[in-house]
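Here's the letter readout for the chains.
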Amino acid sequence: EAQRASDQTVLDGSSVRHPSWTRGRWLLCPALLILAVTLIGSMEASGLSNTTTTTTTAAATAAKLESKEEDEIVAVVISDTHDDIQGVELIRSRLSKERITADVVLCPGDITTMPNKDHTKLPDAKEVKDFALRAQKLVKRLSLIPSDPRRVYWIPGNHDPLSFFPEANIKNPVDIPGVNVHGRVVELAPQLVLGGFGGCSEAIENGKEVWGAYPYRDKQIEDKIKPLAKAVEDAVKGKGCSMLLMTHSGPHLSSTTHVTGHDPNSLTAPGRRAHVINSGSPAVSSLITSEAVQNACVLALHGHTHQGMGQARVGGVPVLNPGSTLHGGNFGIIKLRRRGGTPSGGGALVRRRVSPSYDRASRKQKLRPHAALSKAGSNTMDMHQLKHLEEV
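Small disclaimer: the values here were computed from a predicted structure and weren't measured.

J.: Got a minute to help me understand helix α4 (residues 125–142) in this structure?
T.: Turn by turn, an α-helix covers 3.6 residues, leaving residues three or four places apart pointing in a common direction. Compared with an ideal rise of 1.5 Å per residue, which puts 18 residues at 26 Å, α4 spans 26 Å between its outermost C-alpha atoms and is within 8% of the ideal. Listed as buried for α4 are F131, A132, A135, Q136, L138, V139 and L142. The backbone nitrogen of K126 has a side-chain oxygen 3.2 Å away, supplied by the residue at the start of α4, namely D124.

J.: How should the packing of aromatic side chains be read in this particular structure?
T.: Applying the stated criterion across every chain yields a total of two aromatic pairs. A ring pair is formed by W154 and F164, whose centres lie 5.4 Å apart and whose planes are at 65 degrees; its orientation type is edge-to-face. Placement of the pair is W154 in strand β4 (residues 152–154) and F164 in the loop between β4 and β5 (179–180), with a sequence separation of ten residues.

J.: Help me understand the nonpolar core, please; the structure alone is not making it clear to me.
T.: Generally speaking, soluble globular proteins have nonpolar side chains that are buried together. The biggest cluster of nonpolar side chains holds 25 residues, and the ones touching the most others in it are L95, L142 and I145. Listing elements by their share of this core, those giving two or more residues are β2 (72–77), α3 (85–97), β3 (104–107), α4, β4 and β16 (330–339). The element contributing the most residues to this core is α4, with five residues. When residues no more than four places from it in sequence are discounted, the contact partners of L142 are I78, V88, V105, C107 and V152.

J.: Is there a simple way to explain the pattern of salt bridges in this structure?
T.: Side-chain pairing between opposite charges can occur once the charged atoms of the two side chains come close. Within the structure shown, the criterion is met by 16 salt bridges. R150 is the partner of D148 in a salt bridge, and the nearest nitrogen-oxygen pair spans 2.9 Å. Residue R273 pairs with E205 through a salt bridge whose shortest N-O separation is 3.2 Å. Of this pair, R273 sits in the loop between β11 (258–259) and β12 (277–278) while E205 sits in strand β8 (residues 203–205), and the two are 68 residues apart along the sequence. Here R273 and E205 have matching classes, each one buried. Three or more residues are tied together by salt bridges with common partners; here these are E72, K335 and R337.

J.: Explain the sheet that holds strand β7 (residues 192–197) to me, please; I cannot follow it from the model alone.
T.: Hydrogen bonds along the backbone pair up the strands of a sheet, which may run parallel or antiparallel. Spatially, β6-β7-β10-β13-β15-β14 is the arrangement adopted by the six strands of the open sheet, whose pairing is mixed. Two strands close off the open sheet at either side, each with one partner strand: β6 (185–189) and β14 (310–314). The average angle at which neighbouring strand axes cross in this sheet is 25 degrees, direction not considered. Relative to β7, β6 runs antiparallel, the two sharing four bridges. Of the residues in β7, the one forming a bridge with E187 is V193. Where helix α6 (residues 226–238) meets the sheet, it contacts β6, β7 and β10 (242–247), and its direction lies at approximately 170 degrees from that of β7.

J.: Got a minute to help me understand empty space enclosed by the protein in this structure?
T.: Over the atoms rolls a probe the size of a water molecule, and in doing so it shows where empty space is left. Counted by the stated rule, this structure contains two cavities of 30 Å³ or more. Quantified by volume, the second largest cavity comes out at close to 40 Å³. In terms of lining, the second largest cavity is formed by F197, G198, G199, C200, I221, T247, H248, S249, S281 and V284. Taken together, the residues of the lining of the second largest cavity break down into four nonpolar, six polar and no charged.

J.: Hey, could you run me through the confidence of the model for the protein chain in this one?
T.: Detailed reading of the predicted coordinates is not advisable wherever pLDDT is low. Predicted confidence across the protein chain gives a mean pLDDT of 77, with 69% of residues reaching 70 or more. Note on residues 31–58: pLDDT is under 50 here. Beyond four places in sequence and across chains, it has 83 contacts. Within the model, the stretch residues 355–392 combines pLDDT values under 50 with 103 contacts to residues more than four positions away or in other chains.

J.: I keep staring at unusual backbone geometry and nothing clicks. Help me out?
T.: Trans peptide bonds make up most of the peptide bonds, and negative phi angles are found at most residues other than glycine. The omega torsion of the bond from Y214 to P215 falls at -10 degrees, within 30 degrees of zero and hence cis. When you line up the elements, P215 lands in the loop between β9 (208–211) and α5 (218–224). Even without being glycine, D110 reaches a positive phi, approximately 55 degrees. By secondary structure assignment, the location of D110 is in the loop between β3 and α4. Of note, the phi angle at H304 is positive, near 75 degrees, even though the residue is not glycine. Checked against the element boundaries, H304 lands in the loop between β13 (297–302) and β14.

Conventions used here
Counting starts from 1 at the beginning of each chain's written sequence and moves along it residue by residue. Two thresholds apply to this predicted model, a pLDDT of at least 70 for residue-level local features and 80 or more for giving and counting side-chain atom pairs, whereas whole-chain, interface and lining totals are computed over all residues. As a rule here, side-chain values cover all heavy atoms of the structure and leave hydrogens and water aside. Helix and strand definitions here come from DSSP, where helices need a minimum of 4 consecutive H or I residues and strands a minimum of 2 consecutive E residues; each element is numbered from the N-terminal end. Multiply 1.5 Å by the residue count of a helix minus one, and that product is the helix's expected span. For the exposure calls, accessible area comes from a 1.4 Å probe over protein chains only, and a residue counts as buried if that area is under 20% of its type's maximum, exposed if over 50%, partly exposed in between. Polar contacts, as counted here, are pairs of nitrogen or oxygen atoms within 3.5 Å of one another; within protein the pair requires one atom able to donate a hydrogen and one able to accept it, and residues that are adjacent in sequence qualify only if both atoms are side-chain atoms. Two rings from Phe, Tyr or Trp (for Trp, the six-membered ring) form a pair when their centres sit within 6.5 Å of each other. Planes less than 30 degrees apart are called stacked, planes more than 60 degrees apart edge-to-face, and all others tilted. Side-chain atoms within 4.5 Å link the members of a nonpolar core, which is a set of buried Ala, Val, Leu, Ile, Met, Phe, Trp, Tyr and Cys residues. Any two residues having at least one pair of non-hydrogen atoms within 4.5 Å are treated as being in contact. Any Lys or Arg side-chain nitrogen located within 4 Å of an Asp or Glu carboxyl oxygen qualifies as a salt bridge. By the convention used here, strands pair only if DSSP detects at least 2 bridges between them. Think of each axis as a best-fit line through the C-alpha atoms, taken over the contacting stretch in the case of a helix, with angles from 0 to 180 degrees between the N-to-C directions. Here a cavity is any set of points on a 1 Å grid over the protein atoms alone where a 1.4 Å probe fits but cannot get out, and a pocket is any open set with protein on both sides within 12 Å along at least 5 of 7 lines; a residue lines the site when it has an atom within 4 Å of a point. Grid points are joined across faces, edges and corners, and a volume is the space filled by probe spheres set on the points. Under the grouping applied here, Gly and all other residues not named as nonpolar or charged are polar, the nonpolar ones being Ala, Val, Leu, Ile, Met, Phe, Trp, Tyr, Cys and Pro and the charged ones Asp, Glu, Lys and Arg. The predictor rates its confidence in each residue with pLDDT, a number between 0 and 100.

Shown next as structure tokens:
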């Protein structure tokens, strides 16, 4: 019941925003909340399968997306691909099958699989170039998804070359397509901007660091993120824009950055850790809880925490972790609509799975039942809640 109440709040869009910042407001479309339960793909857990219901919902959603209105944007969010070109192709096939046309693709990092300082052997210059070439190849595949191939917006993750961080002043060995938005703000549409920041902070379990930071520790991120915070404030206060925020490491205040299972890459492996790994960034949390972001951010999205796939909120800002493409074939879809002069907030978050699933070792497709995922600690809904939403 508490979950239903939470979802009803999302449908009502009841969050309060400063009236002077709502002109031309972009918001997430509540009608797409139903899509949050499709999660098409393989689920290891039993007892949740309902192929008929899920397929019907997917068809209805496709119809909603196909009838796109003026001043709307459909964005596909693909994160933590880790060189998984086949996974990207499966996503592209799924979108084509459901006749969903993406206006933009958003990639919150970990495009490739370059070892960082957590590993014993760091790559040499030749190997770094190889990883950059892998990233180039993958982003080229991402550029086949949007209607305009130039509209792929990405940031570097903790497994991407240091040359992808412009302030490092290291020449990129190859040209990467799309737009690198690390440390800056770019315009997605009139009165809608996207701010980005890549890399990850250190992950903490029971007071101890278990995963290292790259390329900055969180104390350094606090300083490095200030120019982005200023650019965001100028855009939302000075120009009255709405915004999306895309980071690799999510806000530490969000459950989407928490690893509770034994396997950080699995959504379904049984068992719970004695202590939660918090892989989120306090510096990113500080940015999201700032006045400017709280009043103008339509959605904060991030990657990095594979098991944290799902949605949450930090204050009044929705947070989305689409999960990893490599580890489970996960991705997200969001639909944004401009509502001129209407002080509205809230909205819908979307996350899905590639159908069919595939085995990462053999890369061969495996047909498994469609199912909805019910996961404690997130806003994911079960089939009973699906029925409730359909009635709403």
